[in-house]
Amino acid sequence: MRIVSLMAHVPYPGIPHAGGQYVLSHLRALRALGHEVTVVAPDWRGNDEGARRLREAMDVTVLVCPPRSSGRLAAWLDTQQIRLFPVRPPLRFRRAILRAGTVRDAAAHADLVEAHWSEMGWIARALPTGPRARRVVVAQDLIVQTYERIFATTRRWTAARLLGRWRNHSVARDEGRLYRDMDAVVVFSGKDAGYARRLGVAADDVVVLRPPFSPDGGEVVTADGPPAGLSTVLFVGAFFRDVNVEAADWLIDEIIPRVRAARADVRFVLAGAGPTARMIAAAQTDPLLEVTGEVESLDPAYRAATAVVVPLRMGAGLKFKTVEALMRGIPVVATTVGAEGLVGEGETGGLVVADDTEAIARALLAILADPRRAWSDATATREWARSVFSAETYPSRLEDALFGRGDER
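Let me sum up the structure you'll find in this document. As the structure is a computational prediction, the values presented were derived from the model and not from experiment. (Residues numbered from 1 in each chain as written. Predicted model: local features only at pLDDT ≥ 70, side-chain atom pairs only at ≥ 80, totals over all residues. Heavy atoms only, no water.)

### Some thoughts on the packing of helix α7 (residues 143-153) against helix α9 (residues 190-198)
Two numbers describe a pair of packed helices, the interaxial angle and the distance between the axes.
1) Next: Look at α7 against α9: their axes get within 10 Å of each other, and the N-to-C directions meet at 90°. By the criterion of interaxial angle, the relationship of α7 to α9 is roughly perpendicular. Two secondary-structure elements touch here, α7 through V144, Q145 and E148 and α9 through K191, D192, Y195 and R198.
2) Next: Its residues placed into classes, the contact of α7 with α9 shows 2 nonpolar, 1 polar and 4 charged. (Axes fitted to C-alpha atoms, helices over the stretch in contact; angles between N-to-C directions. Helix = DSSP H or I, 4+ residues; strand = E, 2+ residues; numbered from the N terminus. Parallel < 35°, antiparallel > 145°, perpendicular 65-115°, else oblique. Contact = heavy atoms within 4.5 Å. Nonpolar A, V, L, I, M, F, W, Y, C, P; charged D, E, K, R; others polar.)

This is the structure:
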């Protein structure tokens, strides 16, 4: 089959965020199944370099489409468009893809056009294809959930409240429209499937596909017990994303002091690309706080972790960082947002859900007080997660989801 794959971020081995790691695994599975793949992306956020690295790693065609306009004014207009229409990529980048002759030719001969991240589905729905081509969007998260949560936290009778009300309307309308135009909407949890149906998508057109977890195509490393040495709490995130920055600030300002009031010797590690100046400054004044920046592999950070914390209060969808920690057998403390798509869907004894500062601190202190017991409790969760999110079964599950030959597995 010939597949055109639209994506916001071109993945490559070592890409420093979980969404990109998933797309890389997805492309590897398509190639392992023998499909011919053309990757299409806008020329933004390092995609040109990502394309070079992806071509070196995998036999796929990569088309990166530069916009005709650039500069500060163009970037300012992009920001305003995203504020008002969060589902729609900025107009100049949409036009760059839709007008590219190489992209139009690939789409005209494709058996399948897929879009990764809902925003790219807005482009997929407008891209001319052959009459028998199938269109699918892989919704790593549903944008409507994020904006509902943002709106719920804004103060009444403020400009932010008015903007939030408009964006809620804009997102529900646009996301529902693009999903209904697709032959299938692929989501990662039963909860997200319910949200898609709320947007008017027919039940038969929503497919739950558990993503694979296999860092850079390798094995997820597990341990039989907690690591020796200093008790360490790990938070993994791409810190160029606002939701992770907000979580990191909360962790530094409120959660760490609460834990340290009882255990002054606990080390915290914030691992991931794009840390803010505030995060770096905090680490410079705290010898037991490490902010790594971008790393080649997260394995060393996970190997040293006694516990993983996922203190997200914004965002939506299945959190890959939570699943990866569970698959490694590490006890996890997460907010309701951080545990989304997991609670109630399987064996989650290794996952503690807490939503306020005091409860998160208590949960972490309980793990640190008896790490061997906590790791033993996480064993059943590890085995459940490794079976449900299996990389070995993913290619066949993926093909069923994309081509409509099956339901959730």
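### Details of unusual backbone geometry
1) Next: A positive phi is found at R45, a non-glycine position, where the angle reads about 50°.
2) Next: With a phi angle near 75°, W117 is a residue other than glycine that sits in the positive phi range.
3) Next: With respect to the helices and strands, the residue W117 is situated in the loop between β4 (112-116) and α6 (118-124).

### Structural notes on the sheet that holds strand β9 (residues 267-271)
1) Next: Sheet architecture is open: 6 strands sit in the order β10-β9-β8-β11-β12-β13, paired in parallel fashion. The open sheet has two edge strands with one neighbour each: β10 (289-291) and β13 (351-353). Going from strand to strand, the sheet's axes swing by 20° on average, the running direction of each strand aside.
2) Next: Bridge count between β9 and β10: 3 bridges; the pairing is parallel. Bridge assignment links F268 to a residue of β10, and that residue is L289. (Pairing = 2+ DSSP bridges.)

### Describing the sheet that holds strand β2 (residues 36-42)
1) Next: Pairing in this open sheet of 7 strands is parallel, and the strands run β3-β2-β1-β4-β5-β6-β7 from one edge to the other. Lying at the two open borders of the sheet, with one neighbouring strand each, are β3 (61-65) and β7 (206-208). The mean inter-strand angle of the sheet, taken between neighbouring strand axes irrespective of direction, is 20°.
2) Next: Pairing geometry for strand β1 (residues 2-7) and β4, over 5 bridges, is parallel.

### Section: the environment of S297
1) Next: With respect to the helices and strands, S297 occurs in the loop between β10 and α12 (299-303).
2) Next: Relative accessible area serves as the criterion here: at 36%, S297 is assigned to the partly exposed category.
3) Next: Separated by 26 residues in sequence, S297 and A271 have C-alpha atoms that sit 10.0 Å apart.
4) Next: In this structure the side chain of S297 is engaged in a polar contact, spanning 3.1 Å, whose partner is the backbone nitrogen of D299. (Buried < 20%, exposed > 50% of the residue type's maximum accessible area, 1.4 Å probe, protein only. Polar contact = N/O pair within 3.5 Å; in protein donor to acceptor, adjacent residues only side chain to side chain.)

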